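Residue-level listing of the chains:
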Amino acid sequence: MQRLPGKARPRQEVLRECEAEVSEMRGYIQQVLWDFLIPDLTRAFRWRVQLDCGCIPEVLTREDSTPPHETRWKAFHSPLPPGQMICHHDDSPPAPYRVIAEWGERREVTFPADPVEPPDDTDPRVWSVIRHDEPHTSAFWEVTLACGHVEEAVAPSLDWAPASGPRRVAPERVQQMSAEFEDAWRANPEMQTERDREHTRRMLADGWPTPQSERLCYSCPQVRMISAYERIGWLVPRQRQSGKAASTAPTPSRSALERRLRNAEAEAERLRAELDRID
């Protein structure tokens, strides 16, 4: 912990913003879930953190025992590894492809039928092939990438599981696809970025697996490391116990006091023995 440049925001200003967010959350979260999903502002502790990009944002933790660099901050899909935070920069590089290291939880999503007219950036011939003319359900799997960040991958079918392994195309078809891609790139150099071309080549070399073994990581370009932090204080000041309140604290029983006295005498006797041994 160290003193960081600049000053913390006024506490009342931060508190008003947090209270407004909590009030909004109460509007769309069921009351039975309030204790689990809505933060208790009386337990919120304020910090300023310095990131390796130079930015110094303010953050809140529950209680003051876990410093920011040991906290797992939320990203797009799940918490980041400790010590990392999202900090958006307009000049960040594009999302890189990362290998899928682990498959996690599964969920199903039902989509309505696609419109007949293709989206503005889609070729009508391609749209006629990929378009769903009826509602359909897809299975999404949470995947942890080699960088430690979490994204989602679409399964090839509802009954597919990671233990089944990816489905691959016949070698002769892969060879044909490879030639078709190379011809398309020569005819239209702007059809794909160099990043996407290299990804396509890797997938062709792997037999065009479904699902693919790589995913774009949208966290990597925006992740920054916490290099330093500074304590600010409680969002809601703690109430100090008054003298009157302290005097009304319950008095220990006689047996409890006698037990404490015996323990103190035993400890004193042990310390005397230690002193005699030193002498």
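Computed from a prediction, not measured in an experiment: that's the story for all the values here. (Residues numbered from 1 in each chain as written. Predicted model: local features only at pLDDT ≥ 70, side-chain atom pairs only at ≥ 80, totals over all residues. Heavy atoms only, no water.)

Engineer: Could you give me a rundown of the side chain of serine 138, with the residues and numbers involved?
Structural biologist: By secondary structure assignment, the location of serine 138 is in strand S5 (residues 136–145). For serine 138, a relative accessible area of 17% translates into the label buried. Apart from the residues lying within four places of it in its own chain, the contact partners of serine 138 are Arg107, Glu108, Val109, Phe111, Val154 and Leu158. (Helix = DSSP H or I, 4+ residues; strand = E, 2+ residues; numbered from the N terminus. Buried < 20%, exposed > 50% of the residue type's maximum accessible area, 1.4 Å probe, protein only. Contact = heavy atoms within 4.5 Å.)

Engineer: Account for the packing of aromatic side chains, with residues named and values stated.
Structural biologist: Here the structure, examined in full by the defined rule, presents 9 aromatic pairs. Look at phenylalanine 45 and tryptophan 47: their rings are 5.1 Å apart centre to centre, the planes differ by 65 degrees, and that puts the pair in the edge-to-face class. Comparing phenylalanine 45 with tryptophan 47 shows no difference in burial state: the two are buried. Residues tryptophan 141 and tryptophan 160 carry aromatic rings whose centres are separated by 6.1 Å and whose planes lie at 90 degrees to one another, so their mutual orientation is edge-to-face. With tryptophan 141 in strand S5 and tryptophan 160 in the loop between strand S6 (150–154) and helix H4 (171–187), this residue pair connects regions lying 19 residues apart in the sequence. In this pair, the class of tryptophan 141 matches that of tryptophan 160, namely buried. Each member of the aromatic cluster is reached from another via a ring pair, and the members are Phe45, Trp47, Tyr229 and Trp234. Arginine 107 extends its terminal NZ or CZ atom over the ring of phenylalanine 140, reaching a point 5.2 Å from the ring centre. (Phe/Tyr/Trp six-rings, centres within 6.5 Å; stacked < 30°, edge-to-face > 60°. Lys NZ or Arg CZ within 6 Å of the ring centre and 35° of its normal.)

Engineer: So what's going on with the pattern of salt bridges? Residues and values would help.
Structural biologist: Applying the stated criterion across every chain yields a total of 18 salt bridges. Across the pair arginine 173 and glutamate 180 runs a salt bridge, and its minimum N-O distance is 3.7 Å. Among the residues examined, glutamate 180 registers a relative accessible area of 40% and is labelled partly exposed. Taken together, the salt bridges that share partners define one network made up of Glu182, Glu194, Glu198 and Arg201. (Salt bridge = Lys/Arg side-chain N within 4 Å of Asp/Glu carboxyl O.)

Engineer: Can you explain the environment of leucine 204? Please cite residues and give values.
Structural biologist: One can find leucine 204 in helix H5 (residues 194–205). Residue classification places leucine 204 among the buried residues on the basis of a relative accessible area of 9%. A sequence separation of 33 residues divides leucine 204 from proline 171, and the C-alpha atoms of the two residues are 9.5 Å apart. Not counting residues up to four positions away in its chain, the partners in contact with leucine 204 are Val174, Met177, Ser178 and Phe181.

Engineer: Help me get a handle on unusual backbone geometry, residues and values and all.
Structural biologist: Following threonine 210, the chain continues to proline 211 via a peptide bond in cis, the omega torsion being 0 degrees. With respect to the helices, strands and loops of the structure, proline 211 is situated in the loop between H5 and strand S7 (214–216). Look at tryptophan 208: it is not a glycine, yet its phi comes out positive at around 55 degrees. Tracing the backbone shows tryptophan 208 in the loop between H5 and S7.

Engineer: Now, about the layout of surface pockets: what can you tell me, with residues and values included?
Structural biologist: If you add up the space inside the largest pocket, you get close to 790 Å³. Along the walls of the largest pocket sit 25 residues, with Pro39, Val59, Leu60, Thr61 and Trp73 positioned nearest its centre. The greatest single-element share of the lining of the largest pocket, amounting to 6 residues, is contributed by helix H1 (residues 11–28). Tallied by class, residues from the lining of the largest pocket come to 13 nonpolar, 2 polar and 10 charged. (1 Å grid on protein atoms, 1.4 Å probe; cavity = no way out; pocket = protein on both sides within 12 Å on 5 of 7 lines; lining within 4 Å. Points joined across faces, edges and corners; volume = space filled by probe spheres on them. Nonpolar A, V, L, I, M, F, W, Y, C, P; charged D, E, K, R; others polar.)

Engineer: Mind laying out a nonpolar patch on the surface, listing which residues take part and the relevant values?
Structural biologist: There is a patch of nonpolar side chains on the surface, built from Val32, Leu33, Phe36 and Leu37 and spanning about 420 Å² of accessible area. Among the secondary structure elements, phenylalanine 36 is positioned in helix H2 (residues 34–37). (Patch = residues over 30% accessible without salt bridge, like charges linked within 9 Å, V, L, I, M, F, W, Y side chains within 5 Å. Areas by Shrake-Rupley, 256 points an atom, 1.4 Å probe, with all protein chains shown as cover.)

Engineer: I'd like a description of the sheet that holds strand S4 (residues 97–111), backed by residues and values.
Structural biologist: One open sheet accounts for 4 strands, arranged S6-S5-S4-S7; its pairing is antiparallel. Each edge of the open sheet is held by one strand with a lone partner, namely S6 and S7. The mean angle between the axes of side-by-side strands here comes to 45 degrees, regardless of whether they run parallel or antiparallel. In the sheet, S5 pairs with S6 via 5 bridges, with the strands oriented antiparallel. By the bridge assignment, valine 143 is partnered in S6 with glutamate 151. (Pairing = 2+ DSSP bridges. Axes fitted to C-alpha atoms, helices over the stretch in contact; angles between N-to-C directions.)

Engineer: Explain the state of the cysteines residue by residue, including any values.
Structural biologist: Enumeration over the complete set of coordinates arrives at 0 disulfides. As a non-bridged cysteine, cysteine 55 has cysteine 53 as the owner of its nearest cysteine sulfur, 3.7 Å distant. Taking the relative accessible area as the measure of exposure, cysteine 55 reaches 26% and is therefore partly exposed. (Disulfide = S-S within 2.5 Å.)

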